[in-house]
Amino acid sequence: MDDYLFRQYVNECRVVQEETKYVEIFNYSDPFHNSCEEHPLTPDEFENFLFQRGAFTPPNLRPGTTLLSGMRLIVQTDAKDKDTFMPKVLSLPKDAYEQMVRVLRLPFRGIETTSVVGPFFWTSYDHDDADPHLHILHRKSDVRKKGRTRGWEMMLSHRFATGVTSGFVKGTPSSDVVAALKHVRACAAQVGHPLLLPTIILAHDLSPANDQKQRDARDWLRHLEQAVSMRDEVEVEAQYFQNGRLEVDGLNRDLVECHSNVLWKRPQAYMALTLEMEKAMAMFKDMHGATRRDKEGPQGGEAAVAREKQRRELDRLHRSMLARMDFYKVKLTGLENYIHTTLQRLKVQREALYNIMSQREARLNLEIAGEQRRIAHASKRDSTAMKTISLLGTLFLPGTFLASVFSMTFFNFQSSADPVISDKLWVYFLLTIPITAAIVGIWIWYDKHKEAQYARDDEDLEKDIVKMEHDVMLNIRKKTISTRHTWNSISPPPR
């Protein structure tokens with residue numbers, strides 16, 4: 001079943017090109033033959049490396065010299081293709097990848113982890129009772145950032161009969177693979193433990209830089225708290241203030257960015273990873289002990305001394321790695337509590353910022369409502385234009401009316417000889433002028449009376465708007481954090 005699924009997944013993958021190297025470390029009972037090499041691996045030498053032919057042929061050992069432990073890795077430490085960690089993507093030709101997995105006895109399931117994200121660790125036996133191998137899959141990959149995928153992966157297979165760990169390791173420049181391999185070469189005498197490289201990778205992944213990033217996020221949070229809720233814990237800066245007003249957009253962006261930094265490398269994921277690594281160490285310890293008892297025999301001399309020395313070294317390394325796992329678990333527990341507190345404080349500031357934005361929105365709505373009321377009130381006064389038309393009618397209507405009345409008898413333009421104008425014409429002006437003046441005076445008095453009333457209405461309107469704003473903002477502030485007082489300060493007495 002595993003073989004069929006492996007071939008099926010390989011056929012579904014596409015290939016990208018990456019530069020390939022190899023790392024070989026061997027420890028012998030005679031230290032003279034010990035070797036530690038890292039060189040480029042060309043395609044024409046790929047099979048020779050797998051089958052240990054040509055330049056990779058094991059050295060001729062003098063009688064009594066035996067191989068104690070070793071590590072043989074195909075590595076791609078500078079994977080640059082933007083899709084190298086995309087699902088169903090191989091960085092070796094399909095036939096070369098399949099041949100590598102089969103010859104080095106690597107886990108077939110490695111091809112099924114190309115879509116895994118975050119830290120991942122898995123270990124199991126290959127179920128070959130005659131020549132048992134311990135399979136290890138350890139990887140961490142992420143989705144695209146700036147158009148490129150990131151991460152690292154390793155597939156390892158430890159052969160208990162020889163103590164040699166074979167595998168494939170790949171990482172992007174942003175990963176810790178280069179530093180980890182340098183660390184392994186510095187610990188060449190300890191490569192007999194198959195969990196050495198995964199533990200080194202974990203140590204680099206959980207380096208103090210991770211803790212420092214959380215400390216930086218907490219310091220960033222204090223500045224955000226000072227800007228949002230006026231907590232006097234840091235030096236006052238004008239970073240989030242423009243023209244004396246809080247710059248909400250920049251503050252909101254920084255809150256989101258700070259939150260994402262806090263969520264970087266969540267301790268829960270690494271806690272689960274350390275537990276799986278402890279499980280793998282227990283499996284190796286049990287199988288290594290059983291294999292060692294099976295290989296014990298009458299041999300003596302330098303080889304037996306060297307093998308016993310290596311056994312003690314592996315036991316000491318094993319205990320050291322278990323102690324390191326315990327250290328990481330305690331460290332991750334404390335870091336999780338620290339992150340939880342930071343997230344809670346970020347939540348408070350986010351809610352406070354939301355309330356500030358709600359206040360601003362409410363105030364803006366109040367200003368809009370006030371302007372609408374002012375416009376409605378002014379529209380009433382705009383109707384005075386109609387009064388002007390009414391005034392013109394008032395000016396001309398009395399004269400027109402009186403003229404129509406007096407035209408019946410005061411004037412006689414029908415005479416053919418000489419038109420006759422009545423000597424009573426003065427009566428027309430005597431009546432028209434006073435009546436018109438009286439009507440205009442009444443209108444002027446009425447208009448001044450209405451203007452005074454409008455002025456009083458405007459004053460009352462402004463007072464109502466101010467009072468409404470005060471009441472609304474007071475109710476809002478009751479549900480928000482005070483911008484002047486914190487929980488441990490003295491609040492002003494209620495009015």
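Check the entry above for the structure.
Residues numbered from 1 in each chain as written. Predicted model: local features only at pLDDT ≥ 70, side-chain atom pairs only at ≥ 80, totals over all residues. Heavy atoms only, no water.

Undergrad: Describe the overall build of the protein chain, with residues and values.
TA: Regarding its fold elements, the protein chain presents 11 helices and 13 strands. Split into buried and exposed, the 495 residues of the protein chain put 39% on the buried side. Restricting the contact set of the protein chain to residue pairs at least 6 apart, pairs at least 24 apart contribute 74%. Carbon and sulfur atoms provide 57% of the accessible area of the protein chain, an area that totals close to 28600 Å². (Helix = DSSP H or I, 4+ residues; strand = E, 2+ residues; numbered from the N terminus. Buried < 20%, exposed > 50% of the residue type's maximum accessible area, 1.4 Å probe, protein only. Contact = heavy atoms within 4.5 Å. Areas by Shrake-Rupley, 256 points an atom, 1.4 Å probe, with all protein chains shown as cover.)

Undergrad: A description of helix 7 (residues 248-262) should follow, citing residues and the corresponding values.
TA: Relative to the 21 Å expected for 15 residues at 1.5 Å per residue, helix 7 spans 21 Å between its end C-alpha atoms, a close match to the ideal helical length. Every buried residue belonging to helix 7 is among V248, G250, L251, D254, L255, C258, N261 and V262, and all of these are buried. Buried residues of helix 7 fall within an arc of 160° about the axis and therefore sit on the same side. Across helix 7 from its buried face, at more than 90 degrees, point the exposed residues D249, R253 and V256. (Expected span 1.5 Å × (residues − 1). Arc of directions from axis to C-beta.)

Undergrad: Residues and numbers for unusual backbone geometry, please.
TA: Positive phi values are uncommon outside glycine, yet R105 reaches one of about 60°. Tracing the backbone shows R105 in the loop between helix 3 (94-103) and strand 6 (118-125). With a phi close to 55°, K265 is a non-glycine residue in the positive phi region.

Undergrad: I'd love a proper account of the packing of aromatic side chains, names of residues and values included.
TA: Applying the stated criterion to the full structure yields nine aromatic pairs. A centroid spacing of 4.7 Å and a plane angle of 20° characterise the contact between F6 and F108, whose relative ring orientation is stacked. Placement of the pair is F6 in helix 1 (residues 2-12) and F108 in the loop between helix 3 and strand 6, with a sequence separation of 102 residues. Its relative accessible area of 1% is what places F6 among the buried residues. F108 gets classed as partly exposed once you look at its relative accessible area, which sits at 23%. Ring centres of F160 and F284 lie 5.9 Å apart, and the angle between their planes is 25°; this geometry places the pair in the stacked category. Residue F160 is found in the loop between strand 8 (148-159) and strand 9 (164-171), and its partner F284 is found in helix 8 (residues 267-295); the two are separated by 124 residues along the sequence. For the pair F160 and F284, one class covers both residues: buried. Within the aromatic cluster, the residues linked to one another by ring pairs are F6, Y97 and F108. Geometry around F85 places K170 over its ring, the cationic atom sitting 4.7 Å from the centre. Sitting above the plane of the W264 ring, K213 keeps its charged end 3.9 Å from the centroid. (Phe/Tyr/Trp six-rings, centres within 6.5 Å; stacked < 30°, edge-to-face > 60°. Lys NZ or Arg CZ within 6 Å of the ring centre and 35° of its normal.)

By themselves, these observations are geometric and do not establish any function.
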